[in-house]
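For reference, the chains in residue letters:
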Amino acid sequence: MILTSVFESLLAPLAMMIALPLATIGALWGLIATGNSLFNANALVGFLILLGVVVNNGIMLIDYARQLERDGCRLGRALLTAGQVRVRPILITALSTMLAMLPLAMGRGEYVARIGAPFAVAVIGGLVAGTLFTLVLVPTVYFGLASAVTWARDLGWRLQCAQAAGLAFGVWLIHQNVESTFWQFADGTALLGLVPALAWFTQSSLRRSQADL
């Protein structure tokens, strides 16, 4: 909600937060590889710090891209330029945090090994994955979402109503046939992308079939 109000857009926060679950996967891999427990209060604190750093990296990238776009750059060029300019501060932030956590993660004392190590390993593992996904996946998702919204706005009211009806029917089917809340959310997310993709594919196929070669 804070990011949406600051950026005055829903697309930018969604693109930034797409890296959060992927960074969490990196932290889980780090904990499993080092033999630390996943259900550890200190590891959960590490998760919280990790999410803050990953979001900050995404903010630096997307905010600069939006500034370039306001100055007249096309969205694709703005994202490419923002990635080239912001890669240094993003890498410096991630590397400095990881190097600072490294002695704590490698500590062998009883207190450090039990309390400090899970915290540091979660942060290091998550930053490795989160930094990579911030530089690669966040601009890609933002470009895709912006292109999809522009395409949806240019559609006629009939296609928009047909897509809304398809989404409503799909949500009703999911609610009637899927009991698990997790799978309802997962199926609903897939449906949210499947219906516009199907409409775009149908529209593109019809346009190509009517074209003169």
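How each quantity is defined
- Counting starts from 1 at the beginning of each chain's written sequence and moves along it residue by residue.
- A pLDDT threshold of at least 70 governs which residues receive local features in this predicted model, and a stricter bar of 80 or more applies before side-chain atom pairs are shown or counted, although totals over entire chains, interfaces and linings include all residues.
- No hydrogens and no water enter the side-chain calculation; it runs on all heavy atoms of the structure.
- A residue's bend is simply the angle between two axes: one fitted to the seven residues ending at it, one to the seven starting at it.
- Helix and strand definitions follow DSSP, with helices as H or I runs of at least four residues and strands as E runs of at least two, each counted in order from the N terminus.
- Buried means the residue's accessible area, taken with a 1.4 Å probe over protein chains only, is under 20% of the maximum for its type, while exposed means over 50%, and partly exposed covers the values in between.
- By convention a nonpolar core is built from buried Ala, Val, Leu, Ile, Met, Phe, Trp, Tyr and Cys residues, the set being connected through side-chain atoms within 4.5 Å.
- In this description, contact between two residues means that some pair of their heavy atoms is separated by no more than 4.5 Å.
- A pair of Phe, Tyr and Trp rings is counted when the ring centres sit within 6.5 Å of each other, with Trp represented by its six-membered ring. The angle between the planes then sorts it: under 30 degrees is stacked, over 60 is edge-to-face, the rest tilted.
- For every residue, the pLDDT score states the predictor's confidence, bounded by 0 at the bottom and 100 at the top.
- Here, axes are lines fitted to C-alpha atoms. For helices the fit covers the stretch in contact, and angles between N-to-C directions go from 0 to 180 degrees.
- If an angle is under 35 degrees, it is roughly parallel; if it is over 145, roughly antiparallel; if it lies from 65 to 115, roughly perpendicular; otherwise it is oblique.
- Each crossing gets its hand from how the near helix is turned against the far one by less than a right angle, where anticlockwise is left-handed and clockwise is right-handed.
- The residue classification treats Ala, Val, Leu, Ile, Met, Phe, Trp, Tyr, Cys and Pro as nonpolar and Asp, Glu, Lys and Arg as charged. All others, Gly included, are polar.

**Observations regarding helix H5 (residues 75-105)**
Taking the largest bend as the criterion, H5 deviates by roughly 45°, centred on Arg86, and proline Pro89 comes between one and four positions later. If you check which residues of H5 are buried, you get Leu75, Ala78, Leu79, Ala82, Ile90, Ala94, Thr97, Met98 and Met101.

**Some points on the nonpolar core**
Of all hydrophobic cores here, the largest spans 39 residues; its most connected members are Leu50, Ile62 and Tyr142. Going through the elements one at a time, helix H1 (2-7), helix H2 (11-17), helix H3 (19-33), helix H4 (41-70), H5 and helix H6 (110-153) are the ones with two or more residues in this core. No other element matches the eleven residues that H4 contributes to this core. Residues within four places of Ile62 in sequence aside, it is in contact with Ala12, Met16, Leu79, Val138 and Tyr142.

**A short note on the packing of aromatic side chains**
What the rule picks out here adds up to two aromatic pairs. With a centroid separation of 5.3 Å and 80° between ring planes, the pair formed by Phe182 and Trp183 is classed as edge-to-face. Taking relative accessible area as the criterion, Phe182 reaches 55% and is therefore assigned exposed.

**Remarks on the side chain of Gln163**
As for its position among the elements, Gln163 is in helix H7 (residues 157-177). Looking at Gln163, the relative accessible area reads 12%, which means it is buried. Beyond its immediate chain neighbours, meaning those up to four positions away, Gln163 contacts Trp151, Leu155, Val195, Pro196 and Ala199.

**Remarks on the confidence of the model for the chain**
Confidence in the prediction of the chain, expressed as mean pLDDT, is 84, and 95% of residues score 70 or more. At the level of individual helices and strands, the chain shows its lowest average pLDDT in helix H8 (residues 181-209), which scores 81, and its highest in H5, which scores 89.

**A closer look at the packing of H3 against H4**
At a minimum axis distance of 10 Å, the contact between H3 and H4 shows a crossing angle of 140°. Taken as axis vectors, H3 and H4 run oblique relative to one another. Note that H3 runs across H4; the crossing there is right-handed. Contacts between H3 and H4 involve Ala19, Leu20, Ala23, Thr24, Ala27, Leu28 and Leu31 from the former and Ala43, Phe47, Leu50, Leu51, Val54 and Val55 from the latter. Here the contact of H3 with H4 is built from residues that sort into twelve nonpolar, one polar and no charged.

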